[in-house]
Amino acid sequence: MTAYLMPLPIPRLPAAPGTLALAGSRSVVWDRAALLRGAGGPFAAASVSPGLRDRLSAVRAPLCGLSLDRPRIMGILNVTPDSFSDGGRHNDLAAAVARAQVMAADADILDIGGESTRPGAREVPEDEEIARTAPVIRAIREAGIATPISIDTRKARVAEAALDAGADMVNDVTALRFDPRMAALVAERGVPVCLMHSVATPETMQAHANYRDVLTEVLDHLAERMEAALRAGIAENRIVTDPGIGFGKTAAHNLDLIRGLPALHGLGAPILLGASRKRFIGTLGGAEMAEDRMAGSVAVALQGAAAGAQILRVHDTKETRQALRLWLAMAGAEEEDRA
Ligand code: HH2
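Below, the structure is looked at part by part. Numbering of residues begins from 1 in every chain and follows the order in which that chain's sequence is written. Local features in this predicted model are restricted to residues whose pLDDT is 70 or higher, and side-chain atom pairs enter the listing and the counts only when it is 80 or higher, whereas totals over whole chains, interfaces and linings include all residues. No hydrogens and no water enter the side-chain calculation; it runs on all heavy atoms of the structure.

**A look at the overall build of the protein**
Part 1 of the reasoning: Check the secondary structure of the protein and you find ten helices and twelve strands.
Part 2 of the reasoning: The globule rule used for comparison is 2.2 Å times the number of residues to the exponent 0.38, while the radius of gyration itself is calculated over C-alpha atoms. For 339 residues, the compact-globule estimate of 2.2 N^0.38 gives 20 Å, and the C-alpha radius of gyration of the protein, at 19 Å, lies within 12% of that figure.
Part 3 of the reasoning: Counting only C-alpha atoms and orienting by the principal axes, one finds that the protein spans roughly 55 × 45 × 40 Å.
Part 4 of the reasoning: For the protein, the residues scored as buried account for 55% of the 339 residues in total.
Part 5 of the reasoning: Any two residues having at least one pair of non-hydrogen atoms within 4.5 Å are treated as being in contact. Sequence-distant contacts, at least 24 apart, represent 68% of the contacts inside the protein between residues at least 6 apart.
Part 6 of the reasoning: In the protein, the 37 positive side-chain charges and the 41 negative ones have mean positions that sit 3 Å from each other. In DSSP terms, a helix is any run of H or I states spanning at least four residues, a strand is any run of E spanning at least two, and both are numbered starting from the N terminus. Residue burial is assigned from relative accessible area. The probe radius is 1.4 Å, only protein chains are included, and a residue is buried under 20% of its type maximum, exposed over 50%, and partly exposed in between. Here the positive residues are Lys and Arg and the negative ones are Asp and Glu; neither His nor the chain ends is included. Note that the charge is assigned to NZ on lysines, CZ on arginines, CG on aspartates and CD on glutamates.

Shown next, in the form of structure tokens:
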């Protein structure tokens, strides 16, 4: 059993002596770390082995041309009839491009999905998923929107069509496990990939929400999936990790993962947090309808920023951007131009 070290993040300001940047962040630092699955601690950063200390502190490689020394906003654009929050809103081409245009003002990346992965969702046939996503990506590019695009899919053919249409990155909620051809495609195209933790399939995942210790089990799984990606020839600096909030997890599991998010920095890759409008926000925040969960979603996004997460996947790009600007100014890293 691997023991993991969780850096304990603090805002860069007010400045404390002896702190180190957390994963190259301009706004979050650390000076102590707690041990997961082991006794003792917390330990001073100075007493952590140099290799691990460097991994926890080093700046991450840019992603799709974006530096990752500050949190980036990934705007969600689902071109599906049935996504839990924005289903049916953007599934004609003009509406999708219009929404992309609006989001591009505040989002650093657009994440386009043609298959809902909400609990209970059914699989969409490949050709249908391609017909939903590739033309939208092409139309976004034809409209002159240059924002990096990720394709949210588990299927290699869908990812390939999206990359051909102008997408820059693959977001696979099964971490390359669903489609045996996905890893080779990502390696061959040399694009970044997000590896997300999930269990079973969207149809059945909530029945599999059983863990002895969700945080360390998610860490084990992500470490194993990163190894698999490397073995398939995917470059280490093109891998993003994600704890998969809500994918086979209860509200308590989601909270454990968000509290433990800084531990993911030990994997050495950028972290993506996708909590926007998910059910636990409604449960804890008292908001039955997904569209009423904006404020709670922003609160969780800021918690992600405070944990040094580099990518925040959100529906409410404008509101998250405003909140993030304020948070960055307070934490001591006023936002520079987003180029
Ligand atoms: N969550 C959803 C879909 N894709 N990808 C990553 N990397 N991380 C996530 O947390 C994540 C994801 C589910 O949310 P949404 O896209 O809003 O809904 P739906 O799956 O119903 O389309």
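**Looking at the nonpolar core**
Part 1 of the reasoning: Among the buried residues, those of types Ala, Val, Leu, Ile, Met, Phe, Trp, Tyr and Cys that are joined through side-chain atoms within 4.5 Å form a nonpolar core. One finds Ile140, Val170 and Leu176 to be the most contacted residues of the largest nonpolar core, which totals 87 residues.
Part 2 of the reasoning: Leave out the neighbours within four places in its chain, and Leu176 touches Met182, Ala183, Val186, Val193, Leu195, Arg225, Ala229 and Ile234.

**Considerations on the state of the cysteines**
Part 1 of the reasoning: For this text, the term disulfide refers to a pair of cysteine sulfurs within 2.5 Å. Under the definition given, this model contains zero disulfides.
Part 2 of the reasoning: With no disulfide of its own, Cys64 lies closest to Cys194 among cysteine sulfurs, the gap being 11 Å.
Part 3 of the reasoning: A relative accessible area of 23% means that Cys64 is categorised as partly exposed.

**Things to note about the pattern of salt bridges**
Part 1 of the reasoning: Think of a salt bridge as a Lys or Arg side-chain nitrogen and an Asp or Glu carboxyl oxygen that are within 4 Å of each other. Summed over the entire model, instances satisfying the criterion amount to 21 salt bridges.
Part 2 of the reasoning: Here Asp108 ties to Arg72 by a salt bridge, and the two come within 3.3 Å at their closest N and O atoms. Note that Asp108 is positioned in the loop between helix 2 (93-104) and strand 6 (109-113) and Arg72 in strand 5 (residues 72-78), a separation of 36 residues in sequence.
Part 3 of the reasoning: One salt bridge in this structure joins Asp127 and Arg157, with 2.8 Å as the shortest N-O distance. Taken together, the residues span a long stretch of sequence, with Asp127 in helix 3 (residues 126-142) and Arg157 in helix 4 (residues 156-165) at a distance of 30 residues.
Part 4 of the reasoning: Asp127 sits in the exposed class, given a relative accessible area of 53%.

**Describing unusual backbone geometry**
Part 1 of the reasoning: Look at the link from Leu13 to Pro14: it is a cis peptide, with omega at 0°.
Part 2 of the reasoning: Mapped onto the secondary structure, Pro14 falls in the loop between strand 1 (4-11) and strand 2 (20-21).

**What to know about the site of the ligand**
Part 1 of the reasoning: If a single non-hydrogen atom of a residue is within 4 Å of a molecule or strand, that residue counts as near it. As a structural note, the neighbourhood of the ligand is formed by 18 residues, with Ser83, Ser116, Thr117, Asp242 and Lys278 the closest of them.
Part 2 of the reasoning: Note that an oxygen atom of the ligand is positioned 2.7 Å from one of the side-chain N or O atoms of Lys278.
Part 3 of the reasoning: Residue His315 places a side-chain N or O atom 3.0 Å away from an oxygen atom belonging to the ligand.
Part 4 of the reasoning: Calculation of accessible area relied on Shrake-Rupley with a 1.4 Å probe; when residues are assessed, cover is drawn exclusively from the protein chains displayed. Calculation on the ligand without its partners gives an accessible area of 480 Å², and the protein chains cover 99% of this total. Pairs of N or O atoms are called polar contacts if they sit within 3.5 Å, as long as, within protein, a hydrogen donor faces a hydrogen acceptor (for residues adjacent in sequence, only side-chain-to-side-chain pairs).

**Here we look at helix 2**
Part 1 of the reasoning: In a helix, the anticipated span is given by 1.5 Å times the number of residues less one. The end-to-end C-alpha separation of helix 2 is 16 Å, in line with the 16 Å expected for twelve residues at 1.5 Å each.
Part 2 of the reasoning: Among the residues of helix 2, those classed as buried are Ala96, Val97, Ala100 and Met103. Buried residues of helix 2, viewed axially, fall in a sector of 125°; they line one side.
Part 3 of the reasoning: Tucked inside the fold, the buried residues of helix 2 contact strand 5, strand 6, helix 3 and helix 10 (317-331).
Part 4 of the reasoning: N-capping of helix 2 is provided by Asp92, with a side-chain oxygen placed 3.1 Å from the backbone N of Ala94. Comment: arc refers to directions from the helix axis out to C-beta atoms.

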